[in-house]
Amino acid sequence: MKILIDFFPILLFFGAFKFYDIYVGTAVLMAATVLQMALIYGIDRKLTAMHKITLALILVFGTLTLVLHDERFIKWKPTVLYGAIAIALALAVWVYKKNFLKALLGSQLSLPEPVWMRLNGLWVGYSAFMAIINGYVAAYFSTEAWVDFKIWGYVFPVVFLVGQGFYISRYLTEEKSEPTP
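Procedures and definitions
- Residues numbered from 1 in each chain as written.
- Predicted model: local features only at pLDDT ≥ 70, side-chain atom pairs only at ≥ 80, totals over all residues.
- Heavy atoms only, no water.
- Patch = residues over 30% accessible without salt bridge, like charges linked within 9 Å, V, L, I, M, F, W, Y side chains within 5 Å.
- Areas by Shrake-Rupley, 256 points an atom, 1.4 Å probe, with all protein chains shown as cover.
- Salt bridge = Lys/Arg side-chain N within 4 Å of Asp/Glu carboxyl O.
- Helix = DSSP H or I, 4+ residues; strand = E, 2+ residues; numbered from the N terminus.
- Buried < 20%, exposed > 50% of the residue type's maximum accessible area, 1.4 Å probe, protein only.
- Lys, Arg positive; Asp, Glu negative; His and termini not counted.
- Contact = heavy atoms within 4.5 Å.

(A) Geometry of a nonpolar patch on the surface. On the surface, Ile87, Leu91, Trp94, Val95 and Tyr96 cluster together into a nonpolar patch covering about 580 Å² of accessible area. Looking at the element boundaries, Trp94 is found in helix H4 (residues 72-94). Residue classification places Trp94 among the exposed residues on the basis of a relative accessible area of 53%.

(B) Seen up close, the pattern of salt bridges. Following the criterion strictly, the structure yields five salt bridges and no others. Note that Lys18 is salt-bridged to Asp148, the shortest N-O span being 3.0 Å. Note that Lys18 is positioned in helix H1 (residues 2-19) and Asp148 in helix H7 (residues 143-152), a separation of 130 residues in sequence. You can call Asp148 partly exposed: its relative accessible area is 27%. In this structure, Lys102 engages Glu113 in a salt bridge whose closest nitrogen and oxygen atoms are separated by 2.6 Å. Of this pair, Lys102 sits in helix H5 (residues 100-105) while Glu113 sits in helix H6 (residues 113-140), placing them eleven residues apart in sequence. By relative accessible area, which is 35% here, Lys102 ends up partly exposed. Three or more residues joined by partner-sharing salt bridges are found here, namely Lys18, Glu144 and Asp148.

(C) Local environment of the side chain of Lys77. Relative to the helices and strands, Lys77 resides in helix H4. One buried charged residue, Lys77, forms no salt bridge at all, with the nearest opposite charge on Asp6 at 13 Å. Those residues in contact with Lys77 that lie beyond four places of it in its chain are Leu57, Ile58 and Phe61.

What follows is the structure, encoded as structure tokens:
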């Protein structure tokens, strides 16, 4: 169910774009994202920083797209989001000496410090790559091609997360449980 909540705004956006246009798709994306965040809040009783940032960017860039009737704003939203993630993770580690990935996931994963640092570097690289590739597609391809890229471009995060899972799996330790009599 959680995966359905995660993907329904983009699927509704895609459907609205295909049946209508980018402006109807943008309005549907904005409404679906507000509903998505309400559902997440209802389930978890909180929104993460990433949820709040994503919601804010969709509402700001979506509003600019609709008010100015300029599709470039919604097309550049992912570039801004991924660029901000790359910059924030890089600055946090290299300037402030804090690893946000470890702060977010350290209670769930026990990994050696060098692995956390490599993961942070991988996330910086991945986010920068996604910002660049979305920016390129948004700038040099049609809106139709960009929307198709948004849908089929989900292969990038899937491959990245699966690869990351394989990478960290060798460092995870199994907690030994007491044998039951």
